[in-house]
Amino acid sequence: MNTFQESLARALQLVAEGDAALFEIVARSLSVSGVACILACIFGLMLGGWLAVARFPARAAVVTVLNTFLAIPSVVVGLVVYLLLSRSGPLGFLGWLFSFKAMVVAQVLLVLPLCTALTRQVVEDAERANGEQLQSLGACGPLRSLLLALDERYALMTVLLTCFGRAVSEVGAVMIVGGNIEGFTRVMTTAIALETSKGDLPLAMGLGLILLTVVLGLNAAIALIARWRGAHTEGLALAGGNA
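On a predicted model such as this, the values are computed, not experimentally measured, just so you know.

1. Quick look at the state of the cysteines
Think of a disulfide as a covalent bridge from one cysteine sulfur atom to another cysteine sulfur atom.
(1) Moving on: In the structure shown here, the tally under the stated rule is zero disulfides.
(2) Moving on: With no disulfide partner, Cys163 has as its closest neighbouring cysteine sulfur the one in Cys41, 4.2 Å distant.
(3) Moving on: By relative accessible area, Cys163 is classed as buried at 0%.

Laid out in structure tokens, this is it:
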């Protein structure tokens, strides 16, 4: 067998046998991304919903800046967080650099603009369709935003899954602020980069297979939610027609 086949066979064996080192990295990676997504999406959903219905002079500029942050390189975010948390930085007294908390902070800053921008777009589209009717019924901006978000809950669920996918597949920021320390801050993406450079291809491929499985699961969930949303909308349309 060639190197690829041997590495793939060994990688599958590691996954099947439940290799402790491999699944420790997987668990840490999912924990960091999960906590980061929860924190980022709490604020992102609120900010995006508010921005969708708010009207103020600088709104267009705010939306432009927000969309710009969608394309910011993860290494830049990592550098900023590193400078903030370093001993000479303004938040150095926290002692968070090269820790779980530092990686969470970096991923929050990466995911927050994505969640805010996607939520704004979803709620703003709903606002164009139904906002005037809600406003005529006396719904103020915050209440209108909440009602529209609840109505678009299936679309917002896909936003949450997309944010988790962004976080779990990120490598640059967590490598800078986490340090890729074995047993403490090593996650799937940083471990794949390190083990590949060391020549430990089976472990790298095993982690890669699990990461691909996670991403595939997220995409399948998004597709399933989209189908549920379409079926729900069609059901409501049929019920309205029969009435």
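2. Overview of the confidence of the model for the protein
(1) Moving on: Per-residue confidence for the protein averages 89 on the pLDDT scale, and 94% of its residues sit at or above 70.
(2) Moving on: Highest mean pLDDT in the protein belongs to helix 4 (residues 74-85) (96); lowest belongs to helix 10 (residues 201-242) (80).

3. Things to note about the packing of aromatic side chains
(1) Moving on: Applying the stated criterion to the full structure yields two aromatic pairs.
(2) Moving on: On the numbers, 5.5 Å between centres and 15 degrees between planes, the contact of Trp50 with Phe56 is stacked.
(3) Moving on: What makes Trp50 partly exposed here is its relative accessible area of 46%.

4. Let's talk about the pattern of salt bridges
(1) Moving on: As enumerated under the stated definition, the model contains eight salt bridges in all.
(2) Moving on: Among the ionic pairs, Arg128 bridges to Asp125, the shortest N-O distance being 2.8 Å. Remark: Asp125 and Arg128 occur in helix 5 (residues 100-136); sequence separation between them is three residues, near one turn of the helix.
(3) Moving on: Put simply, Lys198 and Glu195 hold a salt bridge, and the shortest N to O gap is 3.6 Å.

5. Focus on the nonpolar core
(1) Moving on: Core analysis: the largest hydrophobic core is formed by 50 residues, its most contacted members being Leu22, Cys163, Met188 and Leu207.
(2) Moving on: Looking at this core, the elements with two or more residues in it are helix 2 (20-53), helix 4, helix 5, helix 6 (141-151), helix 7 (153-168), helix 8 (172-178), helix 9 (188-198) and helix 10.
(3) Moving on: For this core, the element with the highest residue contribution is helix 5, accounting for 13 residues.
(4) Moving on: When neighbours within four sequence positions are excluded, Leu22 is seen to be in contact with Leu14, Val15, Leu203, Gly206, Leu207 and Ile210.

6. Let's talk about the packing of helix 2 against helix 6
(1) Moving on: Look at helix 2 against helix 6: their axes get within 9 Å of each other, and the N-to-C directions meet at 115 degrees. Of the two elements, helix 2 crosses helix 6, and the hand of that crossing is right-handed. Of the residues in helix 6, those in contact with Gly49, Trp50 and Val53 of helix 2 are Gly141, Arg144, Ser145 and Leu148.

The rules behind each value
- Residues numbered from 1 in each chain as written.
- Predicted model: local features only at pLDDT ≥ 70, side-chain atom pairs only at ≥ 80, totals over all residues.
- Heavy atoms only, no water.
- Disulfide = S-S within 2.5 Å.
- Buried < 20%, exposed > 50% of the residue type's maximum accessible area, 1.4 Å probe, protein only.
- pLDDT = per-residue confidence, 0-100.
- Helix = DSSP H or I, 4+ residues; strand = E, 2+ residues; numbered from the N terminus.
- Phe/Tyr/Trp six-rings, centres within 6.5 Å; stacked < 30°, edge-to-face > 60°.
- Salt bridge = Lys/Arg side-chain N within 4 Å of Asp/Glu carboxyl O.
- Core = buried A, V, L, I, M, F, W, Y, C linked by side-chain atoms within 4.5 Å.
- Contact = heavy atoms within 4.5 Å.
- Axes fitted to C-alpha atoms, helices over the stretch in contact; angles between N-to-C directions.
- Left-handed = near helix turned anticlockwise from the far one by under 90°.

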